[in-house]
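# A structural walkthrough
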Amino acid sequence: MSLRVARGVYNPEKDRFHYYVPFKPTLDPTDIERGAERRHPVDVALSVTETGELADLAFSLPGSCRGRRSLEFLSKTQSASLIDERVFITVPELNGDSVLEGKGSLEVDGFGRIIGLEIN
């Protein structure tokens, strides 16, 4: 599956963007309700372009999200690489200018599959 990233509008008060990276093929990243049964907090390293587009990101999987079932959608994402518990994702054709740290929320559906990552 190719990667789609939804970017929210820039919030000047908090000096940041909001991003959503879906891994489930049929998931619309702009939906408010995406069917997540659980959320796991993760620390995310990300790089963005001059215009604020997400270029790449990395995070560690929580222990409960490392099984084959949990990784069903993530492992089929073309630009994602899994090395041990680390996930590295690149957005094709974009190069980051700035590297940032942020907080994310890994969303898991009722079957225990990771369906997306929300970055605040």
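Here's what I pulled together on the structure shown here.

Conventions used here
Residues numbered from 1 in each chain as written. Predicted model: local features only at pLDDT ≥ 70, side-chain atom pairs only at ≥ 80, totals over all residues. Heavy atoms only, no water. Salt bridge = Lys/Arg side-chain N within 4 Å of Asp/Glu carboxyl O. Helix = DSSP H or I, 4+ residues; strand = E, 2+ residues; numbered from the N terminus. Buried < 20%, exposed > 50% of the residue type's maximum accessible area, 1.4 Å probe, protein only. Pairing = 2+ DSSP bridges. Contact = heavy atoms within 4.5 Å.

## Details of the pattern of salt bridges
Considering all chains together, one arrives at 7 salt bridges under this definition. With a closest N to O distance of 3.7 Å, Glu-118 and Arg-34 form a salt bridge. Linking Glu-118 in strand S8 (residues 114-119) with Arg-34 in the loop between strand S2 (19-22) and strand S3 (38-48), this pair joins segments that are 84 residues apart in sequence. Accessibility expressed as a relative area gives 14% for Arg-34, which makes it buried. Connected through shared salt-bridge partners, Arg-34, Arg-39, Glu-107 and Glu-118 make up one network.

## Describing the pairing of strand S7 (residues 98-108)
Two strands pair when backbone bridges link them, and S3 and S7 are joined in this way by 11 bridges, in the antiparallel orientation. Among the inter-strand pairings, Asp-43 is bridged to a residue of S7, identified as Lys-103. Examined bridge by bridge, S7 and S8 share 5 bridges and lie antiparallel to one another. Residue Ser-105 lies in a different strand from S8, and its bridge partner there is Glu-118. Where S7 folds back onto S8 in an antiparallel hairpin, the turn is made up of 5 residues, including Gly-112, whose phi is positive at roughly 85°.

## Focus: the environment of Ile-114
Tracing the backbone through its elements, the reader meets Ile-114 in strand S8. Overall, Ile-114 belongs to the buried group, its relative accessible area being 0%. Among residues more than four places away in sequence, those in contact with Ile-114 are Phe-23, Leu-61, Cys-65, Ser-70, Leu-71, Phe-73, Leu-74, Leu-106, Glu-107 and Val-108.

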